[in-house]
Structures are given as C-alpha cells and as structure tokens.
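Fold and contact review
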There are 2 protein chains.
Amino acid sequence: MKPTLQTVADAVGVSRSTVSNAYSRPDQLSPALREKIHEAARRLGYPGPDPTARSLRRGRVGAIGVLFTSALSYAFTDPYAVQFLRGIAETAERHGSGLLLVPLSESEEEAGIQAVRNAAVDGFCVYCVPAWHGALDVTRSRGLPTVAAERPAEVGPETMYVGIDEVAAARTVGGHLARLGHRRVAVVSDFLVAQRRTGPVSVADPAEIRYDVTRERLRGFAEGLAEGGVGWSDLLLCNAGTNSRAEGARAAEYALDRVDRPTAVLAVTDLLALGVLDALAARGLRPGRDVSVTGFDDIPEATAAGLTTIRQPAVEKGAIAGRLLLEPPEDPAARQVLLPTDLVVRASTGPVERK
Amino acid sequence: MKPTLQTVADAVGVSRSTVSNAYSRPDQLSPALREKIHEAARRLGYPGPDPTARSLRRGRVGAIGVLFTSALSYAFTDPYAVQFLRGIAETAERHGSGLLLVPLSESEEEAGIQAVRNAAVDGFCVYCVPAWHGALDVTRSRGLPTVAAERPAEVGPETMYVGIDEVAAARTVGGHLARLGHRRVAVVSDFLVAQRRTGPVSVADPAEIRYDVTRERLRGFAEGLAEGGVGWSDLLLCNAGTNSRAEGARAAEYALDRVDRPTAVLAVTDLLALGVLDALAARGLRPGRDVSVTGFDDIPEATAAGLTTIRQPAVEKGAIAGRLLLEPPEDPAARQVLLPTDLVVRASTGPVERK
DNA sequence: TTGAAAGCGTTACCAT
DNA sequence: ATGGTAACGCTTTCAA
C-alpha cells in the first residue's frame, strides 16, 4: 500500500492538515514538528503530495500545453519552431512548469481533439494551427487561458496572442524586390490551397487563402510588389506540400524550369527559401544574380546561406507566449503583443540584370 | 460557474454515473440517451470530464514525463535528441498518452526538482540527465516506472534502461583510427569537466569524468587507440561548453591551431563533429586527408557531411523507452535493453599521410 | 500552532 | 440500461 498524507499523519500522530502544511506552507508550523514530519515521510517512503490530487484541489496543474500541427517528427525540423519552443520552455522552466506536447495529426483529427480534451494543463499555446481545426473548439470550451503564436484573423478583447505585423513585414520584402526591378516574380508557400500537394496553383485572390499567416504574408508581398506595377495575377504561385526544405526545392522547380523564368522567388518561410536555394544550386543559378530569393523568419541557417529575409525574434516570441500564460498581465492591452521585425538584406537578392 | 458532470446530469435528468458513462463507456447506454447527453453538454458548454479529476479517480494520468537537462533549449537543436523524442512520441501516441517535457535548468535546480515533484505522469524517461542531479532522487522516491535513455553506471535488477554498449562502440572508433596510423589525437567532448567552458582541459584519468556517457565513450576511445600505442595521457582533450555545432568548432580550434596539430579529432557526438568539420573548413583543411574526424550517433546530417561515426538507432531507442514505460515486460531481463551499434566509415577518416 | 470538516470532479462498484 | 454511494488524496477555511 502506497503511503499517503494520512499515513504520515498517523505515524507522527498529527492531523492531515498539519502534514499538508509541512509541505505547502512550511512557515505555518514549528520547525521541530516540520522536521519530525519530514523525517517520518522519509522513513515511510512518502514522496510528497500526490500531484494529481493536489492539482484537483488547487485547481492548478503546473503545466502548459503546446498545440501544433503535424507529427512531432516534423515539428522539430523547423529551426524556427525549435527556437519558439525554446523560448516558451525557458519561461516554463522558471515557473517550475512542464510543457505538454500535443501533436495534432492531420490524418487522425479526432485523436488530436481527444488529446486536447484530456490535457491536464493550465493553459494552451497554439502554434501554427489553422483556424479551422476542430481542436480549437475544444481549447475554447475548456475555458483555459490560450495564447496564439500569431495574430489571429479575428481578435476579441479577450484574445491573447504574440505575433508580428505579417502584412507590413511582407510588404517590405515585396517593396525591396520591386525597387530592385523585379517584375517576373514567383512565390513559394505552403497552405496556398487546401490540398497538400506540391506544384503550381492558381488563386484568384489572396482572400481565398484560408491559413491566416500565409494569406497575410502573400497580401504583403503583393502590396510591396505593386510599387513596381506587379499585380496579384502576375504572381506565379507554387504550393509546397509541407514547410520543409525538400518541398521548397520541389516547389521552386516549377518556377525555375519555365522559359520565362522569374527573376525573383519569394518564399514564405526560411526553410522553404533554403530549398529554393538548393534548387538554384542544382541548376547552376546564382542567388542574387540570376535569381533573387527571399525568406521569412531569419533562422540561424539563413545567415550562412546569405538569405535576404525578415527577422523576427523567435525565442522572445516563445518566451512572451509563456509569460502571457503563466503571468497574465492585468492590462488587457498587454495581452496582445506585436513584435518588431526587420528586413535583413543579404546576398540572395540583387538588381535585375539588364539585358 | 463552470459546468460539471453534475450540471449536465441535472439538465438531462439523469445521474452523474450515466453522464460519466456517456463519455467513458459509450456502449453502456442507449444511443438515444447518449446523444441527448452530448447535446446537452454542447448546449451547456461542458467540455467533457475534467482531466485532473479523472486522473485522480482512475489512478492513471495518460502522460509520460521526459526529463531534460537545461539543454532543453539545446535539446531540440540536436537531431539525435529529436529522433529519440520522436520515437518515444510515437509510442506514447499509440497509447493515447501525452508527452510532458520537464525542463531541468542548471541555474535553478530547485525549480526543476519542484517540476518533477509536481509532474502528473505515469512514468519518467530520463534523457541525458547527469546521475548526480537532485531531480533523480525525486523520480526514485515517487516510485513511478522510470527508464533511462542510456545504461546507468549503477544498475540494479529493477532499473530499466535502453542504451548501447558505449565503451565497445567507442572502442571501434579508436581502433579504426589506430589502424589508420593516427598517433596524435584530440578529443572534443562536453562534460569533460564540471564547468561549462570551452577549451583544453586535463583529466588525469577517465574515471574522473562524472557524466556517465562521456566517461564511457572516452574510455572506449582510449582503449581502441591503445592498439596503436596511444595512451590516455597522450590525448589532447578539448571541452565543449555545450553539445552544439558552434561549440564543437570552438573547442576544435584549440587542437587545430597547435603547431603539432593532431591528425585525428574524435568528437563525442555528431553535432560536435560537424562543428569540428566547420573548423577544418575555416582553415582550408581537408577532412580525412589532413585531419580525420569522427562523430557519434549518425544523425541524418552525418551522411551528407561524409562523417565517419557510430550509428545507433535513435528513433527505435525512443520507441523502446516508451514501450518499457507503457507496456512493461514481465521478464525483468527484458527491461534492460542494449541496442546494437555500427561503425560507419565515411570520407572524414583516412590514413595518416606519410611525410 | 494545530485540527475537524468540507469539498475539488470524477469513476467504480453494486444494486436495481 | 441506469442510479446511489463511496472513495481518489489532497488543501483550505474556520474554529480551537
């Protein structure tokens, strides 16, 4: 029989409350008694209050749930995701909280939803989960504090998020390329269409794109490029099945192998952009000379690759998400955080070569 | 007031048990009633049984805890760790269990220990936590099934672990280099000394190394190299502050910039070895010709880098760890698993150039 | 400083 | 097929 609070209380000859206090509010009893209790606990092999029972009573668990799409396997392949997670882990660590990973596989949506239902956590962080995912209904109905890792399309006064101004950031990319003279432009992005296939797609209007971040970034690209007279319908859209380097390369092929090859390829993430650079290399094309390439996020690898990109503070973003959950600010306005971004120009972009 | 089982029961006019059954044992009641209950739950905004209360009652939480050293920040940057995590996640997922990451910060040990105390889990997986960490006392006293991700120094009949024969594997690396004629040899490793600093260190005897895995691997390196007459004291030891590519490069500098530059550098992980290769590249040295380099783990990146290394089945290791926790074998012997390893020889090692 | 009593929201068991 | 009752192990008033 496993020892409980009661066991210890009986052994010492005090009440449960006193033993409980010995653990949770040491200042509430005499040092002598406290020591006596701890000694008895050691002797009896009592490991301290049961976490589950304590959580039930206190109404606090000491863990936060992180929701992300895709298998865990892929979750960590994106350095940006890793950095974000690291930020949130650091905050959790300071609070003595754990991180409950909740993968939402696409193939088994119901399993993911169940996982969210059963998650014993004090709050949720929603990382890159499309707005239409059923799991979000559950997080809502559970009524726990929830923070999104990007600005949601619909923001109520209660909504917590930490994000960036996607449109504005993307606009600087578009503008940069427009000023360099680029007029034939391709975009490599995941989530352009509902299906997870890699290849060229046509989208009549950015508003049709369901996934928030993708939509906003593409909007921004278009707005910036408009400076050079490039319209939405001029863009060559290449969908990537997943946000991965390999699919970035595959998607880019459709643009690079055309006779009227684009002079610039805008990727919606750095990971995809690295793939685009791979595709360039495979064709002997020089980034920034033959074809300009841009990314988004500024992951560590971007520096070595000389990738022009948008820098956003990923670790800090995670840290803030954690803080929003663990130390919610009084002021509602402070619960909606927009982080600054910078356009980092490196060698992967350059002026269009005059013929 | 948040709705509970009772709320729903009252609304429908049935007992709590029935509502509970509607969720946990749907076959125990008529489809009609079940639907009626679910409908009422939806209407009242009842999110389903409270996970904490359910855990308390059932005596099972549905989550396993993974203990990480402060490296959590770094944990995700090591592809080997990611693969291991993936393996354990796959098993957990099959069992409908979650993965609770418990970060153990080095700076705030007490916070980590608290986190372990409070972790609502059914078992622990201890990943790369040094044997002297206080959190391990807690896992022990909690009496939950615990599996180590490597063979611990002290193994009782109860101890569960899944590891490899570190010494034997490392010995094959040492022997390989010895036979290639290498006599001036450096080792790049983390945890050689207690402090987290990067640079050359001296360690009188491998037994002094406190961190198990490091100690065993170095022992193996030395045993293998002894074939060529290289003794422990001949080794040039370079400590890396963290297990990361960057620190691997920094640590290697101390070896590569010497006048009597070593002809071989043995790294204790692939991540460090990639760093060593970076340092070589920065100096225009050719791996396998000017300097031989070896790693350990065989992460995916090792292939492209042409790194000679020890392959160990990382995903499988994680999967087995998960299985040990979630479906403990009857036979105690089966709870201690040693996985096979292979020496994978690639281009980063070669014979010493004759002068 | 210590103790008694009242739950926290479930589920398991045994009746009906 | 459904309901009543008793835990699960703890914390938290409140009173002594």
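Fair warning: this is a prediction, and the values are worked out from it, not measured in the lab.

So, about the protein's contact with DNA strand C. If you check the shell around DNA strand C, you find 27 residues, and the closest are Thr18 and Arg57 of chain A together with Ser20, Tyr46 and Arg57 of chain B. In DNA strand C, atoms within 4 Å of the protein come 56% from sugar and phosphate. Note that a phosphate oxygen of DNA strand C is positioned 3.1 Å from one of the backbone N or O atoms of serine 15 of chain A. Side-chain polar atom of tyrosine 46 of chain B to a phosphate oxygen of DNA strand C: 2.7 Å apart, as the coordinates give it. Elements represented by at least two residues in the surface near DNA strand C include exactly α2 (16–24) and α4 (51–58) of chain A together with α2 (16–24) and α4 (51–58) of chain B. The element contributing the most residues to the surface near DNA strand C is α4 of chain B, with five residues. Split by residue class, the surface near DNA strand C holds nine nonpolar, eleven polar and seven charged.

This part is about the sheet that holds strand β8 (residues 236–240) of chain A. Residue and element names in this part refer to chain A. Strand order in the open sheet formed by five strands is β7-β8-β6-β9-β10, with mixed pairing between adjacent strands. Because the sheet does not close on itself, it has two edges, and the strands there are β7 (199–201) and β10 (292–294). The average undirected angle you get between the axes of adjacent strands in this sheet is 25°. Of the pairings in the sheet, the one linking strand β9 (residues 264–267) to β10 comprises three bridges and is parallel in character. Bridge assignment links leucine 266 to a residue of β10, and that residue is threonine 294. Each of β6 (185–190), β8, β9 and β10 touches helix α12 (residues 270–282); the most contacted strand, β10, lies at about 160° to it.

To continue, consider the relation of the copies chain A and chain B. With an axial shift of 0.0 Å and an RMSD of 1.1 Å, the rotation relating chain A to chain B amounts to 175°. In short, the pair behaves as if placed about a two-fold rotation axis. Rotation axis and chain A: the residue whose C-alpha lies nearest the axis is leucine 100 of chain A, separated from it by 1.8 Å. Comparing contact sets, 91% of the residues at the interface of chain A also lie at the interface in chain B, consistent with an isologous, same-surface contact.

All right, on to the environment of threonine 198 of chain A then. All names here are of chain A. Here threonine 198 is to be found in the loop between β6 and β7. The contacts of threonine 198, once residues within four sequence positions are left out, are Asn239, Ala240, Gly241, Glu247, Arg250, Ala251 and Tyr254. Polar contacts involving the side chain of threonine 198 include one to the main-chain amide nitrogen of glycine 241, which spans 2.9 Å. In terms of polar contacts, threonine 198 uses its side chain to reach the side chain of glutamate 247, at 2.4 Å.

Parameters at a glance
Residues numbered from 1 in each chain as written. Chains lettered and ligands numbered in written order. Predicted model: local features only at pLDDT ≥ 70, side-chain atom pairs only at ≥ 80, totals over all residues. Heavy atoms only, no water. Near = heavy atom within 4 Å. Polar contact = N/O pair within 3.5 Å; in protein donor to acceptor, adjacent residues only side chain to side chain. Helix = DSSP H or I, 4+ residues; strand = E, 2+ residues; numbered from the N terminus. Nonpolar A, V, L, I, M, F, W, Y, C, P; charged D, E, K, R; others polar. Pairing = 2+ DSSP bridges. Axes fitted to C-alpha atoms, helices over the stretch in contact; angles between N-to-C directions. Contact = heavy atoms within 4.5 Å. Least-squares fit on C-alpha atoms with pLDDT ≥ 70 in both.

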